[in-house]
Amino acid sequence: MNEYKNVLVVCEQRDGNLQSVSLELIGKARELADELKEEVIAVIAGKKVSDLTQELISYGADKVYYVEDDKLDKYITEPYVKVMTTIINDLKPQIVLFGATSIGRDLAPRVSSRIGCGLTADCTKLEIDEEVGLLNMTRPTFGGNLLATIQSPEARPQMSTVRPGVMPKQDEDKNRTGEVNKYDIDIEDKDINIEVIEEKLADKKKIKIEDAQVLVSVGRGIGSADNMKLAYDLAEVLEGEVSSSRAVVDAGWVEKDRQVGQTGKTVRPNLYIALGISGAIQHLAGMEESDLIIAVNKNPDANIFNVADVGIVGDINEVVPELIKKIKVAKANN
Ligand SMILES: Cc1cc2nc3c(=O)[nH]c(=O)nc-3n(C[C@H](O)[C@H](O)[C@H](O)COP(=O)(O)OP(=O)(O)OC[C@H]3O[C@@H](n4cnc5c(N)ncnc54)[C@H](O)[C@@H]3O)c2cc1C
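Here's what I pulled together on the structure shown here. Per chain, residue numbering runs from 1 following the sequence as it is written. Only residues with pLDDT of at least 70 are given local features in this predicted model, and only at 80 or more are side-chain atom pairs given and counted; all residues enter the totals for whole chains, interfaces and linings. Remark: hydrogens and water are excluded; side-chain values derive from all non-hydrogen atoms of the structure.

**Details of the nonpolar core**
Here, nonpolar core means buried Ala, Val, Leu, Ile, Met, Phe, Trp, Tyr and Cys residues that are tied together by side-chain atoms lying within 4.5 Å of each other. The cut-offs for exposure are 20% and 50% of the maximum accessible area for each residue type, with area from a 1.4 Å probe on protein chains only; residues under the lower value are buried, those over the upper are exposed, and the others partly exposed. I26, I44, L56, L97 and L126 are the most contacted members of the largest nonpolar core, which has 32 residues in total. In DSSP terms, a helix is any run of H or I states spanning at least four residues, a strand is any run of E spanning at least two, and both are numbered starting from the N terminus. Put simply, the parts of the chain that give this core at least two residues each are β1 (7–10), α1 (20–36), β4 (40–46), α2 (53–58), β5 (63–68), β6 (95–99), β8 (125–128) and β9 (135–141). One finds Y65, M84, L107 and M159 within the second-largest nonpolar core, a separate group that totals 25 residues.

Written out as structure tokens, the structure is:
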């Protein structure tokens with residue numbers, strides 16, 4: 001058991017672009033490794049990935065292992081499982097983190113089953129148990145009604161997939177140095193059991209509320225689809241995006257892409273304005289880490305006020321137009 005050391009992050013690239021979840025995981029791995037007085041190892045595979053290695057170091061990795069092969073151009077399960085299983089068996093980390101993306105969710109269970117260790121999926125919190133030194137892996141379960149904290153006391157490594165958007169990235173430090181290792185793995189034809197014939201990208205415009213610095217988030221209190229204009233107007237003056245609770249998505253007033261919460265996106269903007277959102281636990285799970293939360297609700301007992309930094313008890317229809325007016329004046333004077 002003692003031979004297992006360090007925190008390894010399985011990083012993800014698509015078409016040569018590093019995915020932001022990998023940097024989030026390196027940030028978290030950095031914290032865990034510092035606590036354990038161990039190192040952060042980043043592993044990345046693809047057709048051409050050597051130019052991504054410094055970025056991984058800048059965000060907190062101590063060592064990067066990269067595998068380059070034309071056969072790893074697109075994600076295919078079998079060769080990627082071979083690469084990650086080989087490296088993990090070789091480096092013997094005590095913790096391995098994957099992003100809970102479509103790729104990570106496909107890859108992690110296969111890797112864990114080949115290695116013979118446990119896997120906790122879709123974690124939203126990771127910390128070292130101070131008493132026993134094991135990784136506490138916390139994830140929502142039963143549709144978000146229960147939080148389960150899971151340990152893997154016997155098998156190594158302790159493995160988990162982690163929900164994108166939950167862990168904070170470290171600040172980039174371009175001067176940070178680390179060790180970069182090229183790792184050769186022979187990918188044979190027999191490892192390629194799938195042929196990608198065609199790739200079709202959905203051409204709908206993706207709304208990325210998780211990248212917005214300012215979110216104007218709307219709850220059922222907005223009252224109607226027509227009234228959504230108020231939120232869009234406020235978002236416009238603040239140069240932000242509109243997001244919502246699930247109730248608003250269910251009512252068909254906005255696209256599902258804008259939903260915040262347990263079954264939507266996890267966001268962490270600088271400013272989150274909650275308009276007519278009651279603050280159900282499934283909603284809070286997706287936004288309570290926002291830097292500044294302003295809530296407008298006509299019910300002074302609404303649960304959202306428990307997480308709000310600034311609370312306004314009032315009717316959206318009165319408060320929001322007033323806010324827009326004030327912000328316009330403030331901007332004009334600046
Ligand atoms: C398994 C599961 C998963 C879920 N996942 C999610 C999720 O991902 N995201 C999510 O958001 N929810 C989720 N939910 C639903 C969640 O439990 C709540 O039902 C939902 O968040 C409520 O949305 P709301 O706050 O917009 O609506 P309500 O709870 O109906 O709240 C409306 C609020 O608006 C206020 N209001 C009304 N009129 C006005 C006005 N004119 N001015 C000011 N305030 C006003 C009211 O006082 C009230 O507080 C999930 C539920 C389950 C069971």
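Additional details are given in the paragraphs that follow.
**What to know about the sheet that holds strand β11 (residues 158–162)**
Taken in spatial order, the 7 strands make up an open sheet running β7-β11-β6-β1-β4-β5-β12, and their pairing is parallel. At either margin of the open sheet sits one strand with a lone partner, and together these are β7 (119–123) and β12 (179–182). The average angle at which neighbouring strand axes cross in this sheet is 20°, direction not considered. Seen against the sheet, helix α4 (residues 102–115) touches β1, β6, β7 and β11 and runs at an angle of roughly 170° to β11. Criterion used throughout: strands pair if DSSP finds at least two bridges between them. Helix axes are fitted to C-alpha atoms over the stretch in contact, other axes to C-alpha atoms as well, and angles between N-to-C directions run from 0 to 180 degrees. Pairs of residues are marked as contacts when any of their non-hydrogen atoms sit within 4.5 Å.

**Re the side chain of T161**
Looking at where T161 falls in the secondary structure, it is placed in strand β11. Look at T161 and you get buried, because its relative accessible area is 2%. Polar contacts involving the side chain of T161 include one to the main-chain amide nitrogen of D122, which spans 2.7 Å. Beyond its immediate chain neighbours, meaning those up to four positions away, T161 contacts F98, G99, A100, G104, A108, L119, T120, A121, D122 and C123. Distance and chemistry together define a polar contact, namely a pair of N or O atoms within 3.5 Å, with one atom able to donate a hydrogen and the other to accept it when in protein, and with adjacent residues in sequence counting only for side-chain atoms on both sides.

**Notes on empty space enclosed by the protein**
Method remark: on a 1 Å grid restricted to protein atoms, a set of points is classed as a cavity if a 1.4 Å probe fits but cannot get out and as a pocket if it is open with protein on both sides within 12 Å along at least five of seven lines; lining residues have an atom within 4 Å of a point. Grid points are joined across faces, edges and corners, and a volume is the space filled by probe spheres set on the points. Counted under the stated rule, the structure contains 1 cavity of 30 Å³ or more. Of the voids in this model, the largest cavity is the one considered here, and its volume is about 120 Å³. Every residue lining the largest cavity is counted, 13 residues in all, and those nearest its centre are C11, E12, Y80, I103 and L107. Every element with two or more residues in the lining of the largest cavity is listed here: α3 (77–91), β6 and α4. Examining the composition of the lining of the largest cavity, we find that 3 residues originate from one element, α4, more than from any other.

**Structural notes on the layout of surface pockets**
A volume near 590 Å³ is recorded for the second largest pocket. Lining of the second largest pocket is provided by 28 residues; of these, T124, V166, A285, E288 and E289 occupy positions nearest its centre. Elements with a minimum of two residues in the lining of the second largest pocket: α1, β8, β9, β10 (146–150) and α7 (281–284).

**A closer look at the packing of α3 against α4**
Where α3 contacts α4, the axes come no closer than 9 Å and their chain directions differ by 50°. Looking at the two axes, α3 sits oblique to α4. For the pair α3 and α4, the crossing hand works out as right-handed. On α4, the residues touching T77, E78, Y80, V81, M84, T85, I88 and N89 of α3 are D106, L107, R110, V111, R114 and I115. Note that the term roughly parallel is reserved for angles under 35 degrees, roughly antiparallel for angles over 145, roughly perpendicular for angles of 65 to 115, and oblique for everything else. Definitions for this section: a left-handed crossing has its near helix turned counterclockwise from the far helix by less than a right angle. A right-handed crossing has that turn clockwise.

**Some details on the sheet that holds strand β16 (residues 292–297)**
An order of β14-β13-β15-β16-β17 is seen for the 5 strands of this open sheet, with the pairing classed as parallel. The open sheet is flanked by β14 (241–244) and β17 (310–313), the only strands paired with a single partner. Adjacent strand axes in the sheet meet at a mean angle of 20°, parallel and antiparallel pairs treated alike. Pairing of strand β15 (residues 271–275) with β16 involves 5 bridges; the strand directions are parallel. Paired with L275 across the strands is V296, a residue of β16.

Read these as geometric descriptors, not functional statements.
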